[in-house]
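Remarks on the overall topology
Below, each chain spelled out in residue letters.
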Amino acid sequence: MLSPPSADAAKEPAPPPSPRRLRAAPRLDPLHLSLLGVLAVLAAVGALTTPDEFLSTDNMQLILTQASVIGVVTVGVTFVIIGGGIDLSVGAIVALASVWATTVATQDLGLGGMLMCAVLVGLGCGLVNGLLIAYGPMVPFIATLAMLASARGLALQISDGKTQVVTVDAVLDLGVPDSYVLGVPPLVIVFAVVAALGWLLLNRTTFGRRTVAVGGNPEASRLAGIAVRRQRLMLYLLSGLCCGIAAFMLVVLTGSGQNTNGNLYELDAIAAAIIGGTLLSGGRGTLTGSVLGVLVFTTITNLFALNNLQSDVQQIAKGAIIVAAVLVQKGRTTS
């Protein structure tokens with residue numbers, strides 16, 4: 001007669017650990033740590049060379065405010081590059097949107113009308129870019145280069161080469177210290193919100209996964225059922241939206257609109273995305289890295305200004321950083 005099973009044998013086996021428990025803790029990207037290290041070095045240099053000016057609250061607010069406008073543009077550019085494209089027209093779109101939003105007729109509509117105008121102009125330019133590239137089809141470099149020339153020319157024609165001064169008090173009030181929230185300028189808050197929403201869109205939505213897939217391998221994405229053309233169109237619309245928001249922020253910051261606004265923004269935005277780890281070939285990139293890249297470049301500009309160094313040396317330093325970042329990218333992709 002068989003003996004009854006022992007108490008230990010009768011016990012049910014322990015359930016496997018929950019997948020949530022097995023989930024690895026988030027790791028910091030080495031590149032992000034490197035950029036944080038660069039920011040720390042720049043802060044140390046500023047503290048040693050101009051301690052009273054660099055470490056002041058006003059200067060910290062100035063750095064963040066200046067980073068906000070180009071930072072919003074960089075968010076859109078990062079999406080475009082990850083999706084396998086390029087956008088050389090962002091600076092010109094910012095100029096056109098700022099000029100259009102500061103015409104006398106638009107200012108009569110108040111703050112809401114000016115904001116809506118800037119956003120619609122940005123979306124319109126992004127729509128044209130997207131249609132030419134996705135359904136043209138045109139090479140992104142050529143299409144956005146044409147938009148750069150056209151938007152600059154239209155901005156010059158609308159403004160007649162003159163500076164359009166903002167007279168709407170509600171807009172001007174957003175740039176004064178009385179509007180700061182706990183010492184944080186409103187433009188910085190807008191930048192933080194746009195960057196956070198962009199991060200969620202890229203990392204937590206189907207749109208973000210499709211963007212990475214299209215940038216990495218468009219043909220495989222098409223075979224997998226992704227509407228590649230529509231995805232590219234949406235990416236340029238997103239870039240145009242960011243340009244429209246940035247144009248309104250620039251109007252608040254400067255209190256005017258002019259056809260020279262946004263000069264070389266395309267280079268600064270692309271450079272910030274590159275040193276932040278975004279591949280120019282597409283398929284990989286992070287908004288966290290792009291934001292850190294913007295802060296690095298803005299801090300460098302601030303240090304050069306505080307130390308009365310010439311702008312040509314600043315441009316050389318930026319170029320050297322870009323070359324170094326591309327070489328690091330190449331080493332990481334080939335390893």
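These notes cover the structure that comes with them.

Rules and cut-offs
- All chains use their own residue numbering, which begins from 1 and follows the written sequence.
- Owing to the predicted nature of the model, reporting of local features is limited to residues with pLDDT of at least 70; listing and counting of side-chain atom pairs is limited to 80 or more, with chain, interface and lining totals taken over all residues.
- Working from all heavy atoms in the structure, the side-chain values ignore hydrogens and water.
- Only buried residues count toward a nonpolar core. Its members are Ala, Val, Leu, Ile, Met, Phe, Trp, Tyr and Cys residues joined through side-chain atoms within 4.5 Å.
- Residue exposure (1.4 Å probe, protein chains only): buried if accessible area is under 20% of the type maximum, exposed if over 50%, otherwise partly exposed.
- Two residues form a contact once any of their heavy atoms are found within 4.5 Å.
- Here a strand is any run of E in DSSP of at least two residues, a helix any run of H or I of at least four, and the numbering for each starts at the N terminus.
- For a helix, the expected span equals 1.5 Å multiplied by the residue count minus one.
- Fitting one axis to the seven residues ending at a residue and another to the seven starting there, the bend at that residue is the angle between the two axes.
- As used in this structure description, the phrase polar contact means that two N or O atoms lie within 3.5 Å; if the pair is within protein, one of them must be able to donate a hydrogen and the other to accept it, and residues adjacent in sequence are counted only when both atoms belong to side chains.

Let us look at the nonpolar core. Of all hydrophobic cores here, the largest spans 71 residues; its most connected members are V73, F79, V94 and V171. Non-local contacts of F79, meaning those with residues more than four positions away in its chain, are made with G198, L201, L202, F207, T211, L235, L238 and L287.

Another point: helix α5 (residues 57-82). Over its 26 residues, α5 runs 35 Å from end to end, which matches the ideal 38 Å to within 8%, given 1.5 Å per residue. The axis of α5 is deflected most strongly, by about 35°, at S68. A positive backbone phi angle near 90° is found at G84, which sits one or two residues after α5.

With respect to the secondary-structure elements, N59 resides in helix α5. Overall, the relative accessible area of 6% leaves N59 in the buried class. Those residues in contact with N59, other than ones at most four positions away along the chain, are E53, F54, N302 and L306.

A few words on helix α16 (residues 287-306). Here α16 spans 29 Å end to end across 20 residues, near enough to the 28 Å set by a 1.5 Å rise per residue. Taken across its 20 residues, α16 has 15 buried, putting it largely inside the fold. One side-chain oxygen at the N-terminal end of α16 lies 3.1 Å from the backbone nitrogen of G289; it belongs to T286. One or two steps after α16, the chain reaches N308, where phi turns positive at roughly 55°.

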